[in-house]
Structure formats: C-alpha cells, structure tokens
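Inside the fold
These are the residues of each chain, in order.
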Amino acid sequence: MNRDRKFPLRSQNWFQNPDNLGMTAVYLERYANYGLTREELQSGKPIIGIAQTGSDLSPCNRIHLDLADRIRDGIRDAGGVPFIFPVHPIFENCRRPTAALDRNLAYMGLVEIMHGYFFDGVVLTTGCDKTTPACLMAAATVNLPSIVLSGGPMLNSYYKGKLAGSGMTVWEARRMHAAGEIDYDQFMDMVMASAPSPGHCNTMGTASSMNSLAEALGMSLPGCAVIPAPYRERTQMAFRTGRRIVEMVREDLRPSAIMTRQAFENAIVVCSAIGGSTNCPPHLVAIARHMGVELKTKDWETVGHEIPLLANVQPAGEYLTESFHLAGGIPAVIGELICAGKIHESAMNVSGATVGDCYRHTRSTDHKVIRGYENPVSEKAGFLVMDGNLFSSALVKSSVIGKEFRKLFLENPGDENAFTARAIVFEGPEDYHERINDESLNIDERCILVIRGCGPVGYPGAAEVVNMLPPDRLIKIGVNQLPTLGDGRQSGTSASASILNVSPEAAVGGNLAILETGDTIRVDFNTRRVDVVLSDEEIEERKKNVKLQIAQTQTPWQEFYRAHVGQLEFGGVLEFAVKYRNLGEIIPRHNH
C-alpha cells in the first residue's frame, strides 16, 4: 500500500502507531536490548540510516569505520536518531573473479534494507570503485532523502622521490619488470609504496572519478569528493553530512529532485574535464536507468567529447589527488566550467542550493594542477563512442592517448586519426598471460591485442583486463603500448589506448566472437568506426560455426547474475530491476 500520510515521518509507521499497539511494541522492544529508549524511537525525530561500506575487507573504505562516529554526531546534533547498518563489501583489488559482480549485489541488498526498514533518510558512505554506483543506484530506486559521504583518496605517494600513483604504479612496474629493469622484490616495494595512507586510489581512477561525479550529480555537499581521507576536513565533512541529511528529511529533498537529466549532463562534462575513468559511463547509465532518467552511452560523446581536460592528474596528467584537492578540487573544476558556460547552473545540490549558487565563484588556486578552460591540459578530452561490424558500442578514452601512440598509429599521412592492424585474439586474461610472449604469434608494432569472454555474462562480471601490455621483447625495444580491444573493462588508473566495454559481448553472440588471429581490423576515430575487414557474407558464415567459450558458473549469485544482467552499453544492470521506483513511498506489510 502507499505510505500512510497521517504520519509525518516514514519511521512512525514502525515506532509510533497507536492504531496497531501489538506491532508497534514488536518493532520497539528489541532495540531496547542495547540501550535505545522509547523516548528516542517515539520522539518523532527523523531516523537516519548510515550505510556502512567500511570494513577490514575493504581497505579503501575502512576510513568510514572512524567517520561513522562523526556522521552520528552530526545526525544527533541536528535532532535525528542514527542507525549504522552494513553494506555488502566491495574491494576491487582482491575480489575474484571481479568486484563488478558485487555492484549489483550490494545494490540489491541496499534496496531491501532501505525499503524494508524504518529509515527516513540515508547517509551513503562511498569510496572504492563500485560502492559509489551501488549506493546511488539504490538511492535512485528507493528515492528516500539520501546524501553521499565519500571516504577520500590516499595522500600523495612517492617511490624514490617521484610520484607513484596508486594503480598506475602497478602498470609501470609490470613494464619495468618485463624490460628487465627491476626484480621481484623491487616490483613489490614499488607497488607497496603507492599506498601511503588510509583512503582510496590517489590517481583519477574509478574511485576518485565516481566520487567526483557523485558531487557533480549534486549528491554530495560541495567540496566533499576528493578531500584526502586523513585530512581533518574529511572528518568535518562527515559531521556536516550527518547534520544535512536530517535537514533534507525535514525538507523532503529526495534524489529525484537532484539526479535529473541536467545533473547527469553536468556529471558527463565534469568527467571529461577531470579525465575520469572509462568505468564511469556504465555506472552513470545504470544510476540514470534506476532513476528513470533517459541517458545513453552515446551521450558521453555528444555531451562530453568537446570538453577540454582541466585536471592535470594521473593517469591523463602529472599530479595526484592530494594536489588536486589543494588546488580547489571539484568545486574549482565546476567553477571553471560554469565560467565557460558548460554547466547547468539550475540543477540542485543536496545542500538545498543550486549548482550555480554552490560553485559560481570557485576557481583553481594552482593552475599547474587545475587549468582554466582557455588553457587546458588537452583539447576534446571526453570519450569517443565507437561502433562498427564487430559491435554496436565501445568506449575510447581520448585524454590518455599519448604522443608515442599517436605517432605510431594516428599520424599516417592522408589517413590521420585512423589505422589498420593485425588482430591477435586471446580467450580471456589467462590465455593472454600464457601466450603474449609466444614468438609464433609474430606480434609486432602493427598489431592490435584483442581479448574476449570478459563481459558481464562471459567472465562473469565484466573484468578489468583490456589494458594489455605488449610482449616483453617489444617493451625491451621501447614499444610500450599497442592498441587493445575487448568486451571487458579497463582499470581507471590505466593510461593504455584501448577500445573497451564492447557491447554486445562475445558471450551473448556479439561479433567479437567471430574474430580470428590474423584478421585485419580498421579503426577510424574520425568516423567512430571499428571494423574487421571481412564481407558481411564472411561474417555470417563464421557466425554459423562459432563455439562460445564461457567461463564456468561457480556460485549461486553468478548464476543469478548471468541470467539477468544486461550489457555494459546499457549500464550492466539487472534488467528486471529498473522497473522498480519510489520504493520509499511504499510501506511494506507487517512481519508478524
């Protein structure tokens, strides 16, 4: 049934319903066993959930174990009653086969908690890559007053006196080890040096990108996104976030009033300006679909491609996120974009003010780190959205295509920004690691490395495996990058020139499945096309004989996920779930 309008707060249906004494007593009594009182629960004060994503299993979010106390303080200070509850853990580095499986699992768990319990509003604690979209997807579905508190990135990290960005250092160490420049112990020491403090990745990887886009969407208080985790300002932001969610409940300010089409366009523009991760498009498309906002992967090009790169932050730039914060962070970027007329200023922020009011006067305080719009790090920094006879959609992050790659592949006289290459096809990352140095493949600097079986259904979960290094012998002569193509994803901290998120994936019958080693592929960034040089008749003939290689289903969740997940082009959501909306308006049936 619909929410009972005689109660000013949703929580009163549980704790203060004199028309149903028995059920009210049932809901109240067990919370007394650790010291809560009737006075608190029947006070008519907003009851606020704190969605706790921090745990020992999730080191990038572990800071929230401490921040939760300050969130509580803020909630109490504003006259609310706080409840902390756990969220299914998500940790990119250690979860096998991929943490991408957990985004939709955490989403489903959050929806059930937010709908099935007595919350009037929720603080969403975010950090590692997929905690942010999982939380925002749930907020979109339930549509209770919600606010994001990110945990913040690590401090700047160094190895032998040079910046060593988390995530990126792994790729550089792999290259150096392949070239024989470092040994095993040096490899480990170099990578360990890139994690100097509490917090998530200190590059503009997916974690910093998605928390930045949470702010750009209006779902975090201004300035929240990239305050480093150890800074006192992060703890102060936790307190202010706790205070603000209570006010939002009283104002009935919900995600549907904030995450509008204009807000999503703002997020796309900000993503381009900061050199954000290629993981952002499927996450934002997923959030929009759950919110009921029309947003397509192609919008990332039409809205965002022309935007220049303002944030000089790794992997697309030089610095790390501590320096980015000190230069003004996301407020400075949005302020510069407002000045250039690229932001919808009337979009709302959780503060209750418009984006224009929040950011109109903020500017960069260090133009080495955050550039002005007229003096960017690079022009046209947004994503390219490709199609062709192998797929209907794939992404290219133009801001990380470097000079070396451009010289080798994109400066052919008379055919600029295009190339042809011989395909070397791998059946997943295990096959790649086993055969990349196989001399019989004859891999040279005019090859494209292709990986398949790595999408949402095939892996399962869409793994970050498209960023493949060339063979060791090419690295040793200075060829550090080859173009790569695949139906999986790429780490947000990778700077390789890749065509990724291919949809439809090979495992569901996409034409990537018919590709063979030795085929010629033409990539044209001018026309946004990727084509295998085969006739339509040859492609159809090959499709008749394709034998799909799909990894074994190993758990009940993997079976459920594979049966219901959609493609990356459409957000990789559980397709049946997008029809559910405004669940916060529905009071569930009694449990006794």
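One structure accompanies this document, and this report is about it.

The rules behind each value
- Residues numbered from 1 in each chain as written.
- Predicted model: local features only at pLDDT ≥ 70, side-chain atom pairs only at ≥ 80, totals over all residues.
- Heavy atoms only, no water.
- Helix = DSSP H or I, 4+ residues; strand = E, 2+ residues; numbered from the N terminus.
- Rg over C-alpha atoms; globule rule 2.2 N^0.38 Å.
- Buried < 20%, exposed > 50% of the residue type's maximum accessible area, 1.4 Å probe, protein only.
- Areas by Shrake-Rupley, 256 points an atom, 1.4 Å probe, with all protein chains shown as cover.
- Lys, Arg positive; Asp, Glu negative; His and termini not counted.
- Charge placed at Lys NZ, Arg CZ, Asp CG, Glu CD.
- Pairing = 2+ DSSP bridges.
- Axes fitted to C-alpha atoms, helices over the stretch in contact; angles between N-to-C directions.
- Contact = heavy atoms within 4.5 Å.
- Parallel < 35°, antiparallel > 145°, perpendicular 65-115°, else oblique.
- Left-handed = near helix turned anticlockwise from the far one by under 90°.
- Nonpolar A, V, L, I, M, F, W, Y, C, P; charged D, E, K, R; others polar.
- Phe/Tyr/Trp six-rings, centres within 6.5 Å; stacked < 30°, edge-to-face > 60°.
- Polar contact = N/O pair within 3.5 Å; in protein donor to acceptor, adjacent residues only side chain to side chain.
- Disulfide = S-S within 2.5 Å.
- Arc of directions from axis to C-beta.
- Right-handed = clockwise from strand over helix to strand, strands pointing away.

Notes on the overall build of the protein
In terms of regular secondary structure, the protein is built from 22 helices and 14 strands. Over its C-alpha trace the protein gives a radius of gyration of 24 Å, about what one expects of a compact globule, namely 25 Å for 592 residues. Principal axes of the C-alpha set define a box for the protein whose edges measure 80 × 55 × 50 Å. Scored against the burial criterion, the 592 residues of the protein give a buried share of 62%. For the protein, the exposed area adds up to about 22800 Å²; of that, 50% sits on carbon and sulfur atoms. Counting 58 positive and 68 negative side-chain charges, the protein places the centres of these two groups 4 Å from one another.

Remarks on the sheet that holds strand β1 (residues 47-52)
Strand pairing within a sheet occurs via backbone hydrogen bonds; the two strands may be parallel or antiparallel. Spatially, four strands are ordered β2-β1-β3-β4 in an open sheet, and the strand pairing comes out parallel. Of all the strands in the sheet, the pair left with one neighbour each is β2 (81-86) and β4 (146-150). The mean inter-strand angle of the sheet, taken between neighbouring strand axes irrespective of direction, is 25°. Of the strand pairs in this sheet, β1 and strand β3 (residues 121-126) are connected by four bridges, and their pairing is parallel. Of the residues in β3, the one forming a bridge with A51 is L124. Packed onto the sheet, helix α5 (residues 100-116) meets β1, β2, β3 and β4 and runs at close to 150° relative to β2.

Examining the packing of α5 against helix α6 (residues 131-142)
Taken N-terminus to C-terminus, the directions of α5 and α6 make an angle of 40°; their axes are 8 Å apart at the nearest point. Taken together, the axes of α5 and α6 are oblique relative to one another. The handedness of the crossing between α5 and α6 is right-handed. Of α6, the residues touching α5 (which contributes R103, N104, A106, Y107, L110, V111, M114 and H115) are P133, A134, C135, M137, A138, A139, T141 and V142. Of the residues in the contact of α5 with α6, the class split is 12 nonpolar, three polar and one charged.

Structural notes on the packing of aromatic side chains
Following the criterion strictly, the structure yields 18 aromatic pairs and no others. On the numbers, 6.5 Å between centres and 75° between planes, the contact of Y31 with Y34 is edge-to-face. Relative to F118, the ring of Y117 lies with its centre 6.1 Å away and its plane at 80°, an arrangement referred to as edge-to-face. Each member of the aromatic cluster is reached from another via a ring pair, and the members are W14, F15, Y31, Y34, F83, F85, Y117, F118 and F119.

Thoughts on the packing of helix α7 (residues 168-178) against helix α8 (residues 184-192)
Each pair of packed helices can be described by the angle between their axes along with the distance between the axes. One can describe the packing of α7 onto α8 by two numbers: an axis separation of 9 Å at closest approach and a directional angle of 165°. On the basis of their axis angle, the class for α7 and α8 is roughly antiparallel. In this structure, α7 crosses over α8, and the sense of that crossing is right-handed. In this structure, α7 contributes T169, V170, E172, A173, R174, M176 and H177 to the contact, and α8 contributes Y184, F187, M190 and V191.

Here we look at the side chain of R528
Within the element layout of this structure, R528 appears in the loop between β13 (520-524) and β14 (529-532). For R528, a relative accessible area of 19% puts it in the buried group. Within the local environment of R528, its side chain forms a polar contact with the backbone oxygen of F525, the two atoms lying 2.4 Å apart.

Comments concerning the state of the cysteines
Summed over all chains, the structure comprises zero disulfides. Its sulfur unpaired, C201 is 5.8 Å from the next cysteine sulfur, which belongs to C60. Cysteine C454 remains unbridged, with the sulfur of C447 as its closest cysteine sulfur at 19 Å.

Comments concerning helix α18 (residues 403-410)
Buried residues of α18: F405, F409 and L410, and no others. Looking straight down α18, one finds its buried side chains confined to an arc of 75°; they lie on one side. Seen from the buried face of α18, the exposed residues on the opposite side, beyond 90 degrees, are K403 and K407. On the buried face of α18, the contacting elements are β9 (418-426) and β10 (447-451).

A few points about unusual backbone geometry
In this structure, the amide linkage connecting R96 to the following residue, P97, adopts the cis form with an omega of 0°. Relative to the elements of secondary structure, P97 occurs in the loop between β2 and α5. The step from S503 to P504 runs through a cis peptide bond, and the omega angle for that step is -5°. Take P504: it is sitting in the loop between β12 (498-503) and β13. Here N143, not a glycine, exhibits a phi torsion of approximately 60°, which is positive. Judged by its relative accessible area of 3%, N143 is buried.

Description of the pairing of β1
Of all six residues in β1, six are buried; the element is thus mostly enclosed. When β1 meets β2, the two strands line up parallel, connected through six bridges. Within the sheet, the bridge partner assigned to A51 lies in β2 and is F85. In terms of handedness, the path from β1 via helix α4 (residues 64-77) over to β2 forms a crossover that is right-handed.

Quick notes on the environment of N93
Position of N93 among the secondary structure elements: in the loop between β2 and α5. In this structure N93 comes out as exposed when scored by relative accessible area, which is 63%. Sequence separation of N93 and I443 is 350 residues, and the distance between their C-alpha atoms is 29 Å.

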